[in-house]
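# Descriptive structure summary
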Amino acid sequence: MTDCIFCKIVAGQIPANKIYEDDDVLAFHDIRPIAPVHFMLIPKQHVDSLAHCGPEHEAVLGKMLTLAPKLAREQGLEGGFKTGINTGRGGGQEVFHLHVHVFGHKSN
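What counts and how
Residues numbered from 1 in each chain as written. Predicted model: local features only at pLDDT ≥ 70, side-chain atom pairs only at ≥ 80, totals over all residues. Heavy atoms only, no water. Helix = DSSP H or I, 4+ residues; strand = E, 2+ residues; numbered from the N terminus. Rg over C-alpha atoms; globule rule 2.2 N^0.38 Å. Buried < 20%, exposed > 50% of the residue type's maximum accessible area, 1.4 Å probe, protein only. Contact = heavy atoms within 4.5 Å. Core = buried A, V, L, I, M, F, W, Y, C linked by side-chain atoms within 4.5 Å. Phe/Tyr/Trp six-rings, centres within 6.5 Å; stacked < 30°, edge-to-face > 60°. Pairing = 2+ DSSP bridges.

If you look the protein up in an unreviewed UniProt entry, it shows as Histidine triad nucleotide-binding protein from Chromobacterium fluminis.

## What about the overall build of the protein?
Along the backbone of the protein there are two helices and five strands. Starting at the N terminus and ending at the C terminus, the protein contains elements arranged as α-β-β-β-α-β-β. Computed over the C-alpha atoms, the radius of gyration of the protein is 13 Å, within 12% of the 13 Å expected from 2.2 N^0.38 for a compact globule of 108 residues. Dimensions of the protein, computed from the C-alpha atoms along their principal axes, are close to 40 × 30 × 30 Å. Residues counted as buried form 37% of the 108 residues belonging to the protein.

## A few points about the environment of Val37
As for its placement among the helices and strands, Val37 is situated in strand 3 (residues 37-43). The class of Val37 is buried, set by a relative accessible area of 3%. Leaving out residues up to four positions away in the same chain, Val37 has contacts with Gln75, Leu77, Val102, Phe103, Gly104 and Lys106.

## As for the nonpolar core
Counting 14 residues, the largest nonpolar core has Val25, Phe39, Leu41, Met64, Leu71 and Val102 as the members making the most contacts within it. Ranked by the residues each element gives to this core, the list is headed by helix 2 (residues 58-74), at six residues.

## What about the packing of aromatic side chains?
The full count for this structure, using the stated rule, is one aromatic pair. A centroid spacing of 5.5 Å and a plane angle of 75° characterise the contact between Phe6 and Phe28, whose relative ring orientation is edge-to-face. Here Phe6, found in helix 1 (residues 5-10), pairs with Phe28, found in strand 2 (residues 25-29); they are 22 residues apart in sequence, far enough to count as distant. Each member of the pair, Phe6 together with Phe28, is buried.

## Some words on the pairing of strand 1 (residues 18-21)
As judged from the three bridges shared by strand 1 and strand 2, these two strands associate in the antiparallel manner. Paired with Glu21 across the bridge in strand 2 is Leu26. Counting the residues between successive antiparallel strands, the hairpin from strand 1 to strand 2 contains three residues.

Dropping the structure here:
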């Protein structure tokens, strides 16, 4: 995907405030946060949305969802957090590269 902003972040063409990266997944802070802590997890391989996932994506989806609580704790969300996956225009998706939002308020 040549015009996908998240693919450009994965390729290092656009900077991001990264909090986690491995061969399959990248996590970084949202540039328009809706909470004091707000980051996203994305697969490095381009997938338009959750609606475009199939059995071949099970491993990366599982990895993203199991990383979410670990990274949330590391970002100060020990007391809990919310997750969100906007799917399709009708679901509020703005960037058409699958991403999981993780957000919340730090525990005091």
